[in-house]
Amino acid sequence: MASVELRKLTRRFGATAAVDDVSLRIEHGQLICLLGPSGCGKTTTLRLIAGFIEPSAGEIAVGEKVVSSAARTVPPEGRNMSMIFQSYALWPHMTVAQNVAYGLKLRKFDAATIAGKLDAILTTTRLKPLAERYPAELSGGQQQRVSLARALVVEPETLLLDEPLSNLDANLREEMRFEIRRLHDEYRYTTVYVTHDQAEAMTAADVIAVMNHGKVEQLGTPEDVYYRPSSEFVARFIGGSNILRGAAADRARVDIAGTTLLTTGMALEPGQKVSVSIRQHAIRLLNAAPDASLGNVLQATVTRQIFLGSTRDFSVALNDGTELRVTAPPEPAIAPGTAVWLHLPAEHCRALAR
Ligand code: ATP
């Protein structure tokens with residue numbers, strides 16, 4: 001197995017840089033998710049790694065070998081990689097077993113070797129009882145398992161997955177996330193997994209690269225990107241944080257909406273413009289004024305509330321007009337127009353440079 005390294009990789013389409021100067025090292029055996037909104041360059045990055053398109057600048061190395069550069073690109077079939085697409089792309093006239101064995105036949109293995117490898121992968125992917133069925137006789141999840149089996153049976157060094165679960169319903173999607181992770185743990189190939197779904201990335205990935213406008217905005221473990229977002233974009237995209245804007249009063253305090261909030265995350269320069277991110281469920285909503293000794297309290301007015309069963313979702317407005325979302329216990333209900341106090345515990349107020 002080999003690492004995959006992107007070095008200052010850029011791909012332009014006309015004036016747009018779909019991938020913009022991306023440097024990233026994916027260790028062998030690691031599962032990395034490229035996560036980001038539509039159009040941020042995830043699929044283009046994956047297609048560059050697969051060799052379907054050539055870089056405009058920069059290069060890709062697998063182990064020691066450069067496989068893509070502006071000067072020379074090894075074609076997809078010359079890379080030991082398998083790619084799985086959204087649309088399973090199974091051959092409708094072949095059974096499950098024939099679909100899965102196809103890549104082995106292309107590689108001219110003898111019949112006994114093919115039978116052995118086929119049996120092993122059908123067992124691992126729990127497809128043995130379905131081996132003689134045709135794709136039209138399978139559910140979406142089963143078809144996706146066949147496409148996984150077909151990609152894995154050729155023992156690729158690198159597995160590339162492009163939104164592999166987006167055509168499945170919510171329950172199946174959840175089951176298949178674990179399945180992909182289980183197979184990865186069993187085979188330990190290097191996996192690059194493209195998704196716009198945060199939960200999918202959190203479940204499957206060792207490392208998440210959060211992409212925005214063709215660049216990697218943050219690279220880290222699921223815990224890193226969730227607890228320690230490095231930018232407003234990551235804070236909002238991962239878990240929908242609230243963002244408050246103000247100016248630093250000293251190294252750790254920020255003046256916001258007439259109050260001074262103690263924050264964590266970075267040393268501030270007095271006067272510096274700062275954003276503070278805080279998650280919806282980290283804010284405590286109080287319907288009576290707290291003791292004056294409790295710090296990090298902001299006054300607000302409820303603008304909307306929605307009962308969601310296990311929680312109540314509030315929208316509140318600060319006196320400077322900033323709207324925040326707060327996830328609170330289901331009771332009490334508080335009517336729109338009511339004055340409330342928000343306690344923002346300092347350890348959850350993450351300061352971000354603007
Ligand atoms: P999605 O989640 O919607 O698939 P993505 O993050 O995978 O999005 P890409 O498909 O990589 O995004 O596209 C990145 C940008 O490059 C977009 O602005 C897209 O319009 C543009 N782009 C992609 N492929 C081409 C192409 N063949 N020709 C011109 N522009 C392209």
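The sections below set out a description of the structure shown in this document.

## Side note on the nonpolar core
Right, on to step 1. Counting residues in each nonpolar core, the largest one holds 43 residues, and the members touching the most others are Val100, Tyr193 and Ile208.
Right, on to step 2. Those residues in contact with Ile208, other than ones at most four positions away along the chain, are Cys33, Leu35, Ala201, Met202, Gln218, Leu219, Gly220, Pro222 and Val225.

## Brief notes about the pairing of strand E4 (residues 57–62)
Right, on to step 1. Pairing analysis gives five bridges linking strand E1 (residues 4–13) to E4, with the strands arranged antiparallel. Bridge pairing links Val4 to Val62 in E4.
Right, on to step 2. As defined by bridge partners, E4 adjoins strand E5 (residues 65–69) across four bridges and the pair is classed as antiparallel. Within the sheet, the bridge partner assigned to Val62 lies in E5 and is Lys65.
Right, on to step 3. Linking two consecutive strands that pair antiparallel, namely E4 and E5, is a turn of two residues; a positive phi of about 60 degrees is found at Gly63 within it.

## Digging into the site of the ligand
Right, on to step 1. Near the ligand the following residues occur: Phe13, Ala18, Pro37, Ser38, Gly39, Cys40, Gly41, Lys42, Thr43 and Thr44.
Right, on to step 2. Contacts to the ligand include Gly39, whose backbone N or O atom sits 2.8 Å from an oxygen atom.
Right, on to step 3. Gly41 places a main-chain nitrogen or oxygen 3.0 Å from an oxygen atom of the ligand.
Right, on to step 4. Taken together, the residues of the shell around the ligand break down into four nonpolar, five polar and one charged.

## Overview of the pattern of salt bridges
Pairs can form between side chains of opposite charge once their charged atoms are near each other.
Right, on to step 1. On inspection of all chains with the given rule, the structure shows 20 salt bridges.
Right, on to step 2. The partner of Arg181 in a salt bridge is Asp185, and the shortest N-O contact between them spans 2.8 Å. One end of the pair is Arg181 and the other is Asp185, both in helix H5 (residues 170–187) and four residues apart, which spans about a single turn.
Right, on to step 3. With a relative accessible area of 13%, Arg181 lands in the buried category.
Right, on to step 4. According to the relative accessible area criterion, Asp185 is partly exposed, its value standing at 36%.
Right, on to step 5. Residues joined in a network through salt bridges with shared partners are Glu5, Arg7, Arg25, Glu27 and Glu59.

## What about the sheet that holds strand E14 (residues 273–278)?
Right, on to step 1. Taking strand neighbours across the sheet as the criterion, the five strands line up as E13-E12-E11-E14-E20 in an open arrangement whose pairing is antiparallel. The outermost strands of the open sheet, each flanked by one partner alone, are strand E13 (259–262) and strand E20 (350–353). Ignoring which end each strand starts from, the neighbouring axes of this sheet average 45 degrees apart.
Right, on to step 2. Two elements, E14 and E20, share four bridges in a ladder whose sense is antiparallel. Looking across to E20, one finds that Val276 is bridged to Ala351.

## Some remarks on the packing of aromatic side chains
Right, on to step 1. Counted according to the given criterion, the structure contains four aromatic pairs.
Right, on to step 2. Here the aromatic rings of Trp91 and Tyr102 are separated by 4.5 Å at their centres, their planes lie at 50 degrees, and the arrangement is tilted. A residue pair is termed long-range when its members are at least 10 positions apart, and Trp91 in the loop between strand E6 (81–84) and helix H2 (96–106) and Tyr102 in helix H2 qualify at 11 residues.
Right, on to step 3. Consider the rings of Tyr226 and Tyr227, whose centres lie 5.3 Å apart with planes at 85 degrees: the pair is edge-to-face.
Right, on to step 4. Exposure remark for Tyr226: the relative accessible area of 19% places this residue in the buried category.
Right, on to step 5. Exposure remark for Tyr227: the relative accessible area of 55% places this residue in the exposed category.

## Re the side chain of Asn99
Right, on to step 1. Structurally, the position occupied by Asn99 is in helix H2.
Right, on to step 2. Ignoring anything within four residues of it in the chain, the contact list for Asn99 reads Leu90, Trp91, Met94, Pro135, Val146 and Arg150.

## Re the packing of helix H4 (residues 140–152) against H5
Right, on to step 1. In the contact formed by H4 and H5, the axes pass within 11 Å of each other and the chain directions differ by 15 degrees. By the criterion of interaxial angle, the relationship of H4 to H5 is roughly parallel. Along this stretch, H4 crosses H5, giving a crossing that reads as right-handed. In this structure, H4 contributes Gly141, Gln144, Arg145, Leu148 and Leu152 to the contact, and H5 contributes Leu172, Met176, Glu179, Ile180 and Leu183.
Right, on to step 2. For the contact of H4 with H5, the per-class residue count stands at six nonpolar, two polar and two charged.

## Describing helix H3 (residues 111–124)
Right, on to step 1. With 14 residues, H3 extends 20 Å from end C-alpha to end C-alpha; this agrees with the ideal 20 Å at 1.5 Å per step.
Right, on to step 2. Every buried residue belonging to H3 is among Ile114, Leu118, Ile121, Leu122 and Thr124, and all of these are buried. The buried residues of H3 occupy an angular sector of 155 degrees when projected down its axis, which confines them to one face.
Right, on to step 3. As for H3, its buried residues are in contact with H2, H4 and H5.
Right, on to step 4. For H3, the N-terminal capping position is held by Asp110, with its side-chain oxygen 3.1 Å away from the main-chain nitrogen of Ala112.

## Brief notes about unusual backbone geometry
Right, on to step 1. Cis rather than trans, the peptide bond between Glu331 and Pro332 has omega equal to 0 degrees.
Right, on to step 2. Phi is positive for Ala257, close to 45 degrees, though the residue is something other than glycine.

## What about the sheet that holds strand E3 (residues 31–35)?
Right, on to step 1. Spatially, the six strands line up as an open sheet ordered E6-E7-E8-E3-E9-E10, and their pairing is mixed. The open sheet is flanked by E6 and strand E10 (215–220), the only strands paired with a single partner. Direction aside, the axes of adjacent strands within the sheet are offset by 15 degrees on average.
Right, on to step 2. For strand E9 (residues 207–212) and E10, the ladder comprises five bridges, and the chain directions are antiparallel. Each bridged residue has a counterpart across the sheet, and for Met211 the counterpart in E10 is Val216.
Right, on to step 3. Lying over the sheet, H4 contacts E6 and strand E7 (158–162), oriented at roughly 170 degrees with respect to E6.

Thresholds, definitions, all that
Residues numbered from 1 in each chain as written. Predicted model: local features only at pLDDT ≥ 70, side-chain atom pairs only at ≥ 80, totals over all residues. Heavy atoms only, no water. Core = buried A, V, L, I, M, F, W, Y, C linked by side-chain atoms within 4.5 Å. Buried < 20%, exposed > 50% of the residue type's maximum accessible area, 1.4 Å probe, protein only. Contact = heavy atoms within 4.5 Å. Pairing = 2+ DSSP bridges. Helix = DSSP H or I, 4+ residues; strand = E, 2+ residues; numbered from the N terminus. Near = heavy atom within 4 Å. Polar contact = N/O pair within 3.5 Å; in protein donor to acceptor, adjacent residues only side chain to side chain. Nonpolar A, V, L, I, M, F, W, Y, C, P; charged D, E, K, R; others polar. Salt bridge = Lys/Arg side-chain N within 4 Å of Asp/Glu carboxyl O. Axes fitted to C-alpha atoms, helices over the stretch in contact; angles between N-to-C directions. Phe/Tyr/Trp six-rings, centres within 6.5 Å; stacked < 30°, edge-to-face > 60°. Parallel < 35°, antiparallel > 145°, perpendicular 65-115°, else oblique. Left-handed = near helix turned anticlockwise from the far one by under 90°. Expected span 1.5 Å × (residues − 1). Arc of directions from axis to C-beta.

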